[in-house]
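Chain by chain, the residues run as shown.
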Amino acid sequence: MYIPAEDSYLLAEAIEDYSGEYALEIGVGSGIVLDKLCDSFSFVIGTDTHFNSLIYCLNNLSKAVTLVCCDAASALAAKFDLIVSNPPYLPQDNIGITDSTIYGGLYGSELVLHFIRSSISLLDVGGKILVVLSDLSNIVQINSFTEEMNLGVKIVGKKKIFFETLYVYEISHKF
Ligand SMILES: C[S@@+](CC[C@H](N)C(=O)[O-])C[C@H]1O[C@@H](n2cnc3c(N)ncnc32)[C@H](O)[C@@H]1O
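Note that this is a predicted model, so its numbers are computed, not measured.

A. Broad picture of the pairing of strand 6 (residues 151–161). With zero of 11 residues buried, strand 6 is to be regarded as a mostly surface element. The sheet contact formed by strand 6 and strand 7 (residues 164–173) spans 10 bridges and is antiparallel. Paired with Ile161 across the bridge in strand 7 is Glu164. In this structure, the hairpin formed by strand 6 and strand 7 is closed by a connection of two residues.

Here it is, written out as structure tokens:
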């Protein structure tokens, strides 16, 4: 299970500026971000492919959330005011270490794009996606995707740590 780190805290902090009815987190890990979502949203759903993370959340979260073991948002058909994720965003290293909690593909952007593609149709009118990115992942590829899809992008969080700069991107439909 992913142990909360700077990226988890940056996303949890960014969430404080949002509220509404329905929220989704893709890739819940220990549930630290889910817990924060429960403070400002009435119905909170979380997904993860790592079954033991979901069990951990179930046993440790005191608030009512719905947990689904699935890839990204693939099992869901609801509409959300806010969708958040701290996805695995690091480029896969070449020394054979595989860790599905941190590595997001060869360029580090593949899973980020997969999560956005999987959930963009679930955004309610005026809804937002918040996603954590690092300058170690291929941000150019992510920017090209949002431009092609005519999505609005705003940086709503930023933190420089010793080996990377983290960002929270807010993504929404342009009207
Ligand atoms: C960087 S961790 C973030 C965990 C937690 N949200 C946090 O901020 O501390 C990424 C999470 O995404 C999950 N994950 C990886 N691939 C996934 C997929 N295809 N669908 C859903 N979750 C996935 C991992 O199991 C892990 O829990």
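B. Quick peek at the site of the ligand. The environment of the ligand is formed by 25 residues, the closest being Ser8, Gly27, Gly29, His50 and Asn86. Those elements that provide at least two residues to the shell around the ligand are helix 1 (6–15), helix 2 (32–40) and strand 2 (41–48). Class assignment for the residues of the shell around the ligand results in 12 nonpolar, 11 polar and two charged.

C. Broad picture of the environment of Phe162. Topologically, Phe162 is positioned in the loop between strand 6 and strand 7. In the structure, Phe162 is positioned 144 residues away from Tyr18 in sequence and 29 Å away in space, judged by C-alpha atoms.

D. Quick peek at the sheet that holds strand 1 (residues 20–26). Across the sheet, seven strands lie side by side as 3-2-1-4-5-7-6; this open sheet has mixed pairing. At either end of the open sheet lies a strand with only one pairing partner, and these are strand 3 (66–69) and strand 6. If you compare each strand with its neighbour and ignore which way they point, the axes differ by 15° on average. In this structure, strand 1 lies alongside strand 4 (residues 80–85), joined through four bridges in parallel fashion. For Ala23, the partnering residue across the bridge sits in strand 4 and is Leu82. Contacting strand 4, strand 5 (123–134), strand 6 and strand 7, helix 1 crosses the sheet at an angle of about 130° to strand 6. Against the sheet, helix 3 (residues 51–60) makes contact with strand 2 and strand 3, and its axis sits at roughly 170° relative to strand 3, the strand it touches most.

Calculation criteria
Residues numbered from 1 in each chain as written. Predicted model: local features only at pLDDT ≥ 70, side-chain atom pairs only at ≥ 80, totals over all residues. Buried ≥ 20, exposed ≤ 12 C-beta atoms within 10 Å, placed from the backbone. Helix = DSSP H or I, 4+ residues; strand = E, 2+ residues; numbered from the N terminus. Pairing = 2+ DSSP bridges. Near = placed C-beta within 6 Å. Nonpolar A, V, L, I, M, F, W, Y, C, P; charged D, E, K, R; others polar. Axes fitted to C-alpha atoms, helices over the stretch in contact; angles between N-to-C directions. Contact = placed C-beta atoms within 7 Å.

Just distances and angles here, no functional claims.
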